[in-house]
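What follows is each chain in one-letter form.
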Amino acid sequence: MAEANFKPIKKTSVEKMEVKPNLDLEESYKDFDWESLYKQLDWLPGGGLNKAHEAIDRHANGDKRDKIAMIWEGKNGEREDYTFGDMQRLTNKFANILQSLGIQKGDRVFIFMDRLPELYIAFFGALKAGAVVGPLFSAFGPEPVRDRMQDSGAKVLVTQPDLRRKIAEIIPELFDLQHILIVNKDSRDPAPIDPQDLSYHEEMDKASEDFTTVVTGQYDYSIMHYTSGTTGKPKGAVHRHQAVVQQMATGRWALDLHDDDIYWCTADPGWVTGTSYGMLAPWTNGVTQLIYEGGFSASRWYEQIQKHKVTVWYTAPTAIRMLMKAGEEVPTRFDLSSLRYMCSVGEPLNPEAVVWGDDVFGMPFHDNWWQTETGAIMCANYPSMEVRPGSMGKPIPGVQLAIVDEDFNEVPDGEDGNLVVKPGWPSMFHGYWNNAEMYNSRFRKGWYITGDTARKDSDGYFWFVGRADDVINTAGHLVGPFEVESALIEHPAVAEAGVIGKPDEIAMEIVKAFVSLKDGYEESTKLRNEIMRFAREKLSTAIAPREIDFIPSLPKTRSGKIMRRLLKARELGLPEGDTSTLEDD
Ligand code: AMP
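Residues numbered from 1 in each chain as written. Predicted model: local features only at pLDDT ≥ 70, side-chain atom pairs only at ≥ 80, totals over all residues. Heavy atoms only, no water.

## Details of the sheet that holds strand β25 (residues 508-517)
Filter applied, for reference: Between any two strands, at least two bridges found by DSSP are needed for them to pair. Numbered from the N terminus, helices here are DSSP runs of H or I no shorter than four residues, and strands are runs of E no shorter than two. In this description, a line fitted to the C-alpha atoms serves as the axis of each element, helices being fitted only across the stretch in contact, and the angle between N-to-C directions of two axes falls anywhere from 0 to 180 degrees. Any two residues whose heavy atoms approach within 4.5 Å are treated as being in contact.
If you walk across this open sheet you meet the three strands as β24-β25-β26, and the pairing is mixed. Here the strands that pair on one side only, and so sit at the sheet edges, are β24 (494-504) and β26 (547-550). Geometrically, the sheet is characterised by an average inter-axis angle of 25 degrees between neighbouring strands, direction not taken into account. In this fold helix α17 (residues 481-488) packs onto β24, β25 and β26, with an angle of close to 140 degrees to the strand it touches most, β24.

Written out as structure tokens, the structure is:
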């Protein structure tokens, strides 16, 4: 990152905010302990802890009962408002449905839906029933859904008619699945519900509004998100109920949420930002949030801010770069004066984007860093400090980050190294489902290994450098090359496939595949397009390769592993590095 080229941005947003920032960072570092924050949670009678109680019931039982929790705008402009009281009533009903279906504490309930209000109701209802919830990105094709649901052994799937049809072929392969609940929002879908499935709306009509949240403890599992690694299929990172304390605290510190805010997080709950910050951080703080079902469009997004008077906005670098591309004239058509604080996460936020935010909105985007495994923000630019464009800021109070070399010795300031975290932060993941070995491999010599490389400057600001592995970050979504390669080789013409991240101006990286063909198949544009379509249908447009090159054979190590590093070096015209393990042709 070119830190030297950009002047720090003073605390302009603080002047605009007209509210005192929630965190004085330097003061908070002194004698910090999580205890005082744990005490701010409501807890269940008898000392249990449940995320749904902290996000919904504590407000519904108090003076925020009639405050709007969720403003929902549908893709066709529909609007629905839900108070904390409504959310309590509806999530209680959903929890009753699950209990009547025999769902018990620890059972997995998966949700495969667009951003509809019912997604949020099912999510918190399932938490109240003691289940472990797994939200899935609705753009997924059948294979990612099958892999995740098989691995987790989910008993219930909550989905909608079109998505149910999309994955029909894999349903018989989900051996643990007992029930499918179909949400046919506003009867959008004319086809009748399969008689084997249950209608969400019919079941909700019958269910009681009274429910006593199942007593979960702070260490009980609550949410799982599948995330990609370099090898193997995605792994289910499991989080505990106690993660809520850090989600609540960082909502205040890094997103600067205040009581009167209207908050908009553009992330989908299929990814961790969409749950930790599209559900838990705002609602544990009793803040009203906007959920917009529609997809990206510069003018529609600005329109959302104007219409709903959004004050705090949390989005991602790819989206910001797309807004920049749409031009500076577009935001001038809207009244965006409600905005007072803007944040970004998921990929490196280029310094130009921070400065652009300052020019166009009168305030910078505040970058923060975290990952699925960390469960909550770990490092951030706060309203109370100078923003250094291109930096991910400083660690949150109570979290220790370090930059270490291969022997886990801290490197001097200004030098690149591996970004590691001292284990024990409250929202730390507590396992990869069914994969203790992989989980343990992430901890060495008293550190959690993030897989990122970074550096720290002499003032304690952290700067992202890159990934230490082959995982691809495309538009803020991590993609494991193995998952894509596995789908590609299912195509009858493909003998082998190697997948890399190719740098891209907007999406940071795009997924690029190299394939070799089986004997009897000829390279052609038609075949390339067919393989591309095949991958998109199996995986999703978010994961499938955007480019495919045919090559006669893939470079492999002597033990047969595809050398993605070499494919990437060749693609980028970079030195090939150590090729001593390369297989002889
Ligand atoms: P995920 O687990 O899908 O949320 O992805 C986490 C990964 O995204 C991190 O390990 C980083 O590689 C990348 N990432 C997240 N936030 C940032 C950021 N602010 N700057 C640079 N990279 C980021």
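## Some words on the pairing of strand β4 (residues 132-136)
Applied cut-off: Only protein chains enter the area calculation, which uses a 1.4 Å probe; residues under 20% of their type maximum are buried, those over 50% are exposed, and those in between are partly exposed.
In terms of burial, β4 is a largely internal element, five of the five residues being buried. Residues of β4 alternate between two faces, with Val132, Gly134 and Leu136 on one and Val133 and Pro135 on the opposite face, all of them buried. Where strand β3 (residues 108-112) meets β4, five bridges bridge the pair, whose relative direction is parallel. Bridging across to β4, Val109 finds its partner in Val133.

## Some points on the layout of surface pockets
Put simply, the test is: Definitions used throughout: a 1 Å grid over protein atoms alone; a cavity as a set of points that fits a 1.4 Å probe which cannot get out; a pocket as an open set with protein on both sides within 12 Å along at least five of seven lines; a lining residue as one with an atom within 4 Å of a point. Grid points are joined across faces, edges and corners, and a volume is the space filled by probe spheres set on the points. For each domain, the first and last residues come from an automatic or database assignment.
Empty space within the second largest pocket amounts to approximately 630 Å³. Residue lining of the second largest pocket: 31 residues in total, with Gly466, Pro503, Met508, Glu509 and Lys568 positioned closest to the centre. Each of two domains, domain 1 (12-452) and domain 2 (472-572), supplies a minimum of three residues to the lining of the second largest pocket.

## What to know about the site of the ligand
For the record, the criterion: One heavy atom within 4 Å of a molecule or strand makes the whole residue count as near it. Pairs of N or O atoms within 3.5 Å make up the polar contacts considered here, provided that, within protein, one atom can donate a hydrogen while the other can accept it, and that residues adjacent in sequence are counted only when both atoms are side-chain atoms. For the area figures, the Shrake-Rupley method with a 1.4 Å probe applies, and any residue is considered shielded solely by the protein chains shown. Each residue gets one of three labels, nonpolar for Ala, Val, Leu, Ile, Met, Phe, Trp, Tyr, Cys and Pro, charged for Asp, Glu, Lys and Arg, and polar for the others, Gly among them.
Around the ligand, 16 residues are found, and the nearest of them are Asp367, Asn368, Gln371, Thr372 and Asp452. Measuring from a nitrogen atom of the ligand, one finds a backbone N or O atom of Glu347 at 3.3 Å. Take Thr372: an N or O atom from its side chain is 2.6 Å from an oxygen atom of the ligand. Considered on its own, the ligand offers 500 Å² of accessible surface; in the complex 95% of this is hidden by protein. Looking at the shell around the ligand, the elements with two or more residues in it are β14 (365-369) and β21 (462-467). Sorting elements by how many residues they give to the shell around the ligand places β14 first, with three residues. Residue classes in the shell around the ligand are distributed as seven nonpolar, five polar and four charged.

## As for the side chain of Glu73
Tracing the backbone through its elements, the reader meets Glu73 in strand β1 (residues 68-73). Glu73 sits in the buried class, given a relative accessible area of 5%. One polar contact links Glu73 to Lys307, side chain to side chain, over a distance of 3.0 Å. The residues touching Glu73, leaving out its near neighbours within four places in the chain, are Glu78, Ile291, Tyr292, Glu293, Gln304, Lys307 and His308.

## Some words on the domain arrangement of the protein
Quick reminder of the rule: When two components associate, each loses some accessible surface as probed by a 1.4 Å sphere; the sum of these losses over both components is called the buried area. Between Lys or Arg on one side and Asp or Glu on the other, a salt bridge is scored when a side-chain nitrogen of the former is within 4 Å of a carboxyl oxygen of the latter.
For the protein, the assigned domains are domain 1 (12-452) and domain 2 (472-572). Here domain 1 and domain 2 have C-alpha centroids that lie 30 Å from each other. Tallying the contact residues gives 25 residues for domain 1 and 24 residues for domain 2. Summed over both partners, the interface of domain 1 with domain 2 comes to about 1,800 Å²; 58% of that surface belongs to carbon and sulfur atoms. Counting across the domain 1 and domain 2 interface gives two salt bridges. The salt bridge partner of Glu483 is Arg148, with a shortest N-O separation of 3.1 Å. Those elements that place two or more of their residues in the side of domain 1 that touches domain 2 are α7 (142-152) and α13 (317-326). Considered class by class, the residues forming the side of domain 1 that touches domain 2 number nine nonpolar, nine polar and seven charged.

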